[in-house]
Amino acid sequence: MSQSRHLLAIDQGTTSSRAILFDAEGRVLGQAQRELTQHYPREGWVEHDPEEIWAGVLAVAREALARAGVAPSELAAIGITNQRETTLLWERESGEVLHRAIVWQDRRTAELCARLAAEGLEERVRAATGLVIDPYFSATKLAWLLDHLPQARTRAERGELCFGTVDSFLLFRLTGGRVHATDPANASRTMLFDIHRRCWDEELLRALRIPPALLPEVRPNAGEFGVSVKELLGAPVPIAGMAGDQQAASFGQACFAPGTLKSTYGTGCFLLFNTGDRPVASDNRLLTTIAWQLDGQVTYALEGSIFIAGAAIQWLRDGLGVLREAAESEALARSVPDTGGVVFVPAFTGLGAPHWDAEARGAVLGLTRGTTRAHIVRAALEAVCYQTADLIAAMGEDARRAGAALPTELRVDGGMVANDWLCQYLADVLDRPVDRPRVIETTALGAAYLAGLACGIYPSLDAIAARWQRERRFEPAMAEEVRRARLDMWADAVRRVRSGSGRER
Ligand code: ADP
């Protein structure tokens, strides 16, 4: 094996595939990115072409190496991170896919989910997988494929087919069909994986008529996953780290201690709260998930998401046309002392945790003749912060009840956190420090760190944590009564947009 200390992260996301080459210090040596076509064959359906995913991943991996002027033989290992839950089915023998990938956003299995809930499976799903029954997760997407593709179930029973999320698919292709495996972080988003016993759940497999022969082997997040076929990159390279995107971002943010918390602000926003070696069941319908498993040691997390974060800014730009570019939102927010009583609830696609109201829709409340675009833009940014506050409050409640470590400071990343005003307001309404790291590419970095941990570049988690560098800390500076009043105003606005079909809190 080479003496190299370079790590290649493959980050296969929803809208693009990226590859970033890191040195052992976590510095970016080269990167490449390719957009991914979104297919919308019907209302509510979202698909990706697996061959486009594969070709794109290979291309960006080669391109990142070329740009950095690094030979493939100089790579210590590859780490893979990916859009989670997206579901693929392929032939074990040929590697040929049977259908386009069904993307996590796809809602085609809503009816099947309703049926599972009616059959009383909600509690089993929650207890075993830490999730709620929802089309979002892989299980019902896989069931749909088995139900709709000719002979698929029979062939699956004979062991001729492989199911996988994007990580498994890439691993299978990279290893020339030799390895069919996944990791516990990705597995825990399938709604088929028992996060306590760490095995596929027989009862859920039976309920969805999923033959176990289809399923990938689950291996720890850092370790041996296989070696890439020489022809692909020009040299055989071990694949040594794997995790779904949000877990990888947490790892890249070095959120290793119980109580640590990261939030990624892109189109939507994802919060992951490390609860240590104990899975914490949520009373607030947050998701309980495996953050990662290193050797036999499992770390759990509570997860909450905000559907619309940067997307609200996109909408102000593209839908309303009140912004020329997203970055302009910062100066506009600063230009007014407050929103003038305007509250923007961006429930475009319903409200997620802790409200869970799929029927709620967005609203801009409190408009007067004095309202300007600056007020509305500021209200959109504030809404992201209030929703984060709601999630962290829910996480804190769940942790307190379980006797787990309480949330500490918040580490942030994602495209939106370039906005200093947003970070400061976040610290203010959360009443806790917000830390922005120097390396914002935390998802890819997390995958590289996992691979580097496995191949000995990093001797321990402490060695990785020591590399995490703060670019800037935002300290809370808002008077408590102002903070309270604003959060009350937000809570009142949320009450007003609720459809009544959601869960009362
Ligand atoms: P994703 O990975 O989900 O595509 P990114 O992490 O690239 O998203 O972040 C892009 C999002 O952040 C967009 O929705 C954009 O509107 C928003 N955004 C980018 N820059 C800013 C900014 N300075 N202020 C507010 N929002 C921003």
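Please read these numbers as outputs of a predicted model, since none were measured by experiment.

### As for the pattern of salt bridges
Next up, step 1: Across all of its chains, the model carries 44 salt bridges by this definition.
Next up, step 2: Here D435 makes a salt bridge to R470, at a shortest N to O gap of 3.3 Å. A residue pair is termed long-range when its members are at least 10 positions apart, and D435 in strand β22 (residues 434-437) and R470 in strand β23 (residues 470-474) qualify at 35 residues.
Next up, step 3: R470 sits in the partly exposed class, given a relative accessible area of 39%.
Next up, step 4: Each of R124, D194, R197, D201, E202 and E203 takes part in salt bridges that share partners, so that together they form one network.

### A closer look at the packing of aromatic side chains
Next up, step 1: Enumeration over the complete set of coordinates arrives at 16 aromatic pairs.
Next up, step 2: With centroids separated by 6.2 Å and ring planes inclined at 50°, the aromatic side chains of F344 and F348 adopt a geometry described as tilted.
Next up, step 3: Overall, the relative accessible area of 2% leaves F344 in the buried class.
Next up, step 4: Between Y449 and Y458, the ring centres sit 5.3 Å apart and the planes meet at 85°, which makes this aromatic pair edge-to-face. A single burial state applies to Y449 and to Y458, both of which are buried.
Next up, step 5: Members of the aromatic cluster, joined through ring pairs, are Y386, W421, Y425 and W490.
Next up, step 6: We note R108 situated over the ring of W144; from NZ or CZ to the ring centre the distance is 4.5 Å.

### Thoughts on the site of the ligand
Next up, step 1: As a structural note, the neighbourhood of the ligand is formed by 13 residues, with T267, G310, Q314, G415 and N419 the closest of them.
Next up, step 2: Within the side chain of S329, an N or O atom sits 3.2 Å from a nitrogen atom of the ligand.
Next up, step 3: At a separation of 2.8 Å, an oxygen atom of the ligand approaches a polar backbone atom of G415.
Next up, step 4: Considered on its own, the ligand offers 580 Å² of accessible surface; in the complex 69% of this is hidden by protein.
Next up, step 5: For the shell around the ligand, the element with the highest residue contribution is helix α11 (residues 310-319), accounting for 4 residues.
Next up, step 6: Along the lines of polarity and charge, the residues of the shell around the ligand split into 5 nonpolar, 8 polar and no charged.

Rules of the game
Residues numbered from 1 in each chain as written. Predicted model: local features only at pLDDT ≥ 70, side-chain atom pairs only at ≥ 80, totals over all residues. Heavy atoms only, no water. Salt bridge = Lys/Arg side-chain N within 4 Å of Asp/Glu carboxyl O. Helix = DSSP H or I, 4+ residues; strand = E, 2+ residues; numbered from the N terminus. Buried < 20%, exposed > 50% of the residue type's maximum accessible area, 1.4 Å probe, protein only. Phe/Tyr/Trp six-rings, centres within 6.5 Å; stacked < 30°, edge-to-face > 60°. Lys NZ or Arg CZ within 6 Å of the ring centre and 35° of its normal. Near = heavy atom within 4 Å. Polar contact = N/O pair within 3.5 Å; in protein donor to acceptor, adjacent residues only side chain to side chain. Areas by Shrake-Rupley, 256 points an atom, 1.4 Å probe, with all protein chains shown as cover. Nonpolar A, V, L, I, M, F, W, Y, C, P; charged D, E, K, R; others polar.

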